Amino acid sequence: MPARRHAITRPRLRCSEPKARGGSGSLSAKVPLQGDTNVRASWHSFLWPIVGRHPSAEKSAVALFLESPPVLGKILFRYLSRYRWLLLGVLVFQLASAAATLYLPRLNADIIDKGVAQGDTGYIWRTGLFMLAVSFGQIVASVTATFFAARAAMGAGRDIRADVFGKVSGFSEREVSQFGAGSLITRNTNDVQQVQMLAMMGATMLVTAPLLAIGGIIFAVQTNVGLSWLIAVSVPLLLLLAALVIGRMVPLFRRYQGKLDNVNRIMREQLTGVRVVRAFVRERIEEERFRGANTDIMVVGRKVGSLFVLLFPLFMLILNVTVVSVIWFGGIEVNNGTVQVGTLFAFMQYIGQIMGGVIMASFMAMMIPRAAVSAERIGEVLDSESTLVRPENGVTEFPAPGALALDDVEFTYPGADAPVLHGISFGAQPGETVAIVGSTGSGKTTLVSLIPRLFDVSAGSVHVGGTDVREADVEALWDSIGLVPQRPFLFTGTVASNLRYGREEATDEELWAALEIAQGRDFVEEMPDGLESRIAQGGTNVSGGQRQRLAIARAIVHQPKILVFDDSFSALDLTTDARLRQALWRELPHVTKIVVAQRVSSITDADRIVVLDGGTMVGVGTHAELLETSDTYREIVESQLGVDA
Ligand SMILES: Nc1ncnc2c1ncn2[C@@H]1O[C@H](COP(=O)(O)OP(=O)(O)OP(=O)(O)O)[C@@H](O)[C@H]1O
Ligand SMILES: [Mg+2]
């Protein structure tokens, strides 16, 4: 049965997994592969922070830590350097704030030792007021520093997002499918946020923490209480603890971002495919799939949480034990009369500041690995070069506008073993109509994608307007081609804004004229606001046939030299189809038309018909010629006449 033969859908090869990309000389190190679905939370996952490395940790934490910072450093440097004046302001005000913080305990000691101990109320008042002024200055400095830091960090975040967006806009389909749309979105939102947050916290803490810790140590030693050995014990202990915990967090954060990608991807698929999901009663299964990804995130998040849970009580324990020791041993000294109460008090405050500084630094250090993972993911996007190489000084004036020539074209999808197209050669003179027919999966869409250079040929060449598309200026190339894709996409906005996507300065009359040709005038007139009627996201509030006609009108408004219709009349009834084609041929006689069609009846009068079968050209000629020469064409015609009759 010939009719059956042309309805076979071949399995589609699609690459949706991001590939590991090499990092030679680039910002990035390695793309984490998605799909780790180890959902089970075992006891081990709770205990591993204590007992050792998690079995599924891919790389040692130290290795990750050492290899990550350069990317983070590069990104921070690249995007923060333009805010250097703000950052200088942060530094100055942080210094002032830290100096004030360090000065306060000394004043406090003076009040106790000189004022209280000697009963000098005037001194207490004077020094007290001075302390108040210093505190106030400290607050103002700290607030100003945070204000500047926020401005710099948020500005940098905006710049990174803009660059990622710009980069992604230049991607060809190959790169988009390698990363996955969901992952690209996560990278440009959540990942940028991590880096932005680190920049913000870093600007405020990176200066304060070491100043407090080091300044605290110096002043504490200066108080000469004789308890400095306590610092020598507790600070290294804190640092050791922080290093241990942070080392374990790095691989977790990397996995966390990967899991976030998964949730994003499933959510997106669910939303875009909601009708299919409902129609096939797959809601339960989709829910399961989401639950899996969601649980994955929870498990990783819980591990991070269990580390935090450990960390802070331990910090506080060390801090409190140290304070108690100060009071214990200091009390003995006070009793002996070797140390004054106020001085001991100041020493205690300095110990607090030192520990505060160390804890702050640990907190920062904990954010660094997470931001480093995010930075790496951002770096991968910024680093990956679009396979669509834009030629320098590309041809903008085509020698033969409207002409098209394919010469021995071969094309292989990235990651596929065999070419989907090979040995394709045909051409069209300006104003001619070339039809492409073939069974589903024979490569028609792939073939027409090569004309506007959505993909580059693997071998052979495509000439548009007499120029090899790889040598043409991309904008000029796209300007000369109007593509109506097989699955037309409309943007959120109005009918007019969608049509003007083709050419911004088009007048309303031109829009109506294009709609007239596309047989869309009637239904747009019937819409409540005419040209200003609202189009929902993805064009879901118009019917399939209406969407096709709007997409055709959009391509006409574009005023191209070559119009490419990829199965664009399939959703139209036979009468509308015929009227549309007549209008097209009548109104746009000088435009070259490449028409992919299912219905042979719509292309019998084409200047040339190309017959594809399994990616090769099995016939080319007029309808009459092909009926004589091509078995495949005859089969298609007979099957359709059989169906139509
Ligand atoms: N992004 C892709 N990655 C890998 N293989 C692909 C991709 N898109 C299509 N293919 C494969 O290329 C072949 C040709 O697909 P194409 O979409 O060009 O067919 P078609 O002739 O337009 O089919 P239809 O009539 O159903 O629109 C198919 O076998 C398909 O599996
Ligand atoms: Mg197709």
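So, how was this worked out
Residues numbered from 1 in each chain as written. Chains lettered and ligands numbered in written order. Predicted model: local features only at pLDDT ≥ 70, side-chain atom pairs only at ≥ 80, totals over all residues. Core = buried A, V, L, I, M, F, W, Y, C linked by C-beta atoms within 7 Å. Buried ≥ 20, exposed ≤ 12 C-beta atoms within 10 Å, placed from the backbone. Helix = DSSP H or I, 4+ residues; strand = E, 2+ residues; numbered from the N terminus. Contact = placed C-beta atoms within 7 Å. pLDDT = per-residue confidence, 0-100. Axes fitted to C-alpha atoms, helices over the stretch in contact; angles between N-to-C directions. Parallel < 35°, antiparallel > 145°, perpendicular 65-115°, else oblique. Left-handed = near helix turned anticlockwise from the far one by under 90°. Nonpolar A, V, L, I, M, F, W, Y, C, P; charged D, E, K, R; others polar. Pairing = 2+ DSSP bridges.

Undergrad: Talk me through the nonpolar core; I want residue IDs and the actual numbers.
TA: Residues Ala-152, Val-195, Ala-199, Phe-347, Ile-351 and Ile-354 are the most contacted members of the largest nonpolar core, which totals 73 residues. Elements with a minimum of two residues in this core: helix H4 (69-80), helix H5 (84-116), helix H6 (121-169), helix H8 (181-222), helix H9 (228-272), helix H11 (283-336) and helix H12 (341-383). Here this core gets 21 residues from one element, more than from any other, and that element is H12. Apart from residues no more than four positions distant in its own chain, Ile-351 is found in contact with Ala-220, Ile-231, Thr-322, Val-323 and Val-326. Ranked by size, the runner-up nonpolar core spans 70 residues in total, among them Phe-411, Val-434, Ile-481 and Ile-609.

Undergrad: Give a detailed account of the confidence of the model for the protein, specifying residues and quantitative values.
TA: For the protein, the mean per-residue pLDDT works out to 82, and 89% of the residues sit at or above 70. The secondary structure element of the protein with the lowest average pLDDT is helix H2 (residues 43-51), at 36, and the one with the highest is H6, at 93. Long-range and interchain partners of residues 1-58, a stretch whose pLDDT sits below 50, account for 84 contacts in this model, where long-range means more than four residues apart.

Undergrad: I'd like a rundown of the packing of H6 against H12, residues and numbers included.
TA: Here H6 crosses H12 at 45°, and the two axes come no closer than 9 Å. It follows from the interaxial angle that H6 and H12 lie oblique. For the pair H6 and H12, the crossing hand works out as left-handed. Contacts from Ile-160, Asp-163, Val-164, Lys-167 and Val-168 in H6 reach Ile-378, Val-381 and Leu-382 in H12. Classifying every residue of the contact of H6 with H12 by side-chain character gives six nonpolar, no polar and two charged.

Undergrad: Which residues make up the sheet that holds strand E4 (residues 459-464), and what values do they have?
TA: The strand order across the open sheet built from four strands is E2-E1-E4-E5, with neighbouring strands paired in antiparallel fashion. Strand pairing shows two members of the sheet lacking a second neighbour, strand E2 (421-428) and strand E5 (467-468), which therefore form its edges. With two bridges joining them, E4 and E5 adopt antiparallel strand pairing. Within E5, the position partnered with Val-464 by the bridge is Thr-467.

Undergrad: Describe the sheet that holds strand E11 (residues 608-613), listing the residues and the values that go with them.
TA: Taken in spatial order, the six strands line up as E6-E9-E10-E3-E11-E12 in an open sheet, and their pairing is mixed. One side of each edge strand has no neighbouring strand; the edge strands of this open sheet are strand E6 (481-484) and strand E12 (616-621). Between one strand and the next, the sheet's axes are offset by a mean angle of 15°, whatever the strand orientation. Inspection of the sheet shows strand E3 (residues 433-438) paired to E11 by five bridges, in the parallel sense. Looking at the pairing, Val-434 lines up with Arg-608 of E11.

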